[in-house]
Amino acid sequence: MADRSLRGMRIGAQSLQSEDGVVFADRAEHTYRCETCGHETIMTFSADAELPETWECRQCGAAATLLVDSKPVEIDRSGEKVARTHWDMLLERRTRAELEELLEERLTYLRARRGQQKSA
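Because the structure is a prediction, the values reported are computed rather than measured. Throughout this description, residue numbers start from 1 for each chain and increase along the sequence as written. It should be noted that, the model being predicted, local features are given only for residues of pLDDT at least 70 and side-chain atom pairs only at 80 or more, the latter also being counted only at that level, while totals for whole chains, interfaces and linings use all residues. As a rule here, side-chain values come from all non-hydrogen atoms in the structure, and water together with hydrogens is ignored.

**Student:** Looking at this structure, I do not really get the side chain of Thr65. What am I missing?
**Tutor:** Strands here mean DSSP runs of E at least two residues long; helices mean DSSP runs of H or I at least four residues long; both are numbered from the N terminus. Locating Thr65 in the fold gives a position in strand β4 (residues 63–68). For each residue, the accessible area found with a 1.4 Å probe, counting protein chains only, is set against the maximum for its type, and the residue is called buried under 20%, exposed over 50%, and partly exposed in between. Overall, the relative accessible area of 11% leaves Thr65 in the buried class. By the convention used here, residues are in contact when the closest approach between their heavy atoms is within 4.5 Å. Not counting residues within four places of it along the chain, the set of residues in contact with Thr65 comprises Thr31, Tyr32, Arg33, Glu35, Glu53, Pro72, Val73 and Ile75.

**Student:** Just checking my understanding: could you explain the pattern of salt bridges for this structure?
**Tutor:** Oppositely charged side chains are able to pair whenever their charged atoms sit close together. In what follows, salt bridge is the name for a side-chain nitrogen of Lys or Arg lying within 4 Å of a carboxyl oxygen of Asp or Glu. Scanning the model with the defined rule gives two salt bridges in all. Close ionic contact of Arg33 with Glu40 constitutes a salt bridge, the shortest N to O distance being 2.9 Å. The closest approach of N and O atoms between Arg84 and Glu92, which form a salt bridge, is 3.1 Å. Assessed through its relative accessible area of 52%, Glu92 is described here as exposed.

**Student:** Teacher, can you tell me more about the environment of Pro52 here?
**Tutor:** Position of Pro52 relative to the elements: it lies in the loop between β2 (40–46) and β3 (54–56). Overall, Pro52 belongs to the partly exposed group, its relative accessible area being 26%. For the pair Pro52 and Thr65, spaced 13 residues apart in the sequence, the C-alpha separation amounts to 8.9 Å. If near-sequence neighbours (up to four positions away) are discounted, Pro52 is found in contact with Tyr32, Phe45 and Leu66.

**Student:** Which parts of the structure should I look at to understand the pairing of β4?
**Tutor:** On a regular strand, one side chain projects to one face of the sheet and the next to the other, so that they alternate. Think of it this way: DSSP has to see at least two bridges between two strands before they count as a pair. One ladder, built from four bridges, connects strand β1 (residues 27–34) with β4; its direction is antiparallel. Counted as the bridge partner of Thr31 is Leu67 from β4. Relative to β4, β3 runs antiparallel, the two being bridged by three bridges. Bridge pairing in β4 links Trp55 to Ala64. Alignment of β4 against strand β5 (residues 71–72), held across two bridges, turns out to be antiparallel. In the sheet register, Val68 faces β5, and the bridge partner there is Lys71. Turn length for the β4-β5 hairpin, with the two strands adjacent in sequence and antiparallel, is two residues, and the turn residue Asp69 shows positive phi of about 55°.

Nothing here speaks to function; it is geometry throughout.
So this is what it looks like as structure tokens:
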């Protein structure tokens, strides 16, 4: 008898749960516009979700900006650190004159060493 009740079922392929009594969360659609290619992407989020200010454009991969009342949101970047390069950190320790002097000393040494290797 138990064998007959499972006949015709694809186990694991279909859920036996129903959606009766399930209350879905409120949803809202938000638009993102890419500055690079002009493509607009419409995303659906939960109504109470915190919205990201940028979203990756599906066409070109650049950052698309959230539109509120058909205008792009102003993104506050004041808290972000600016990446310092090796050159910036070097200039914090030495002046350009000192760097040029060190470069000239090193070039003189290398030229002298190269000259000695050729004659040897």
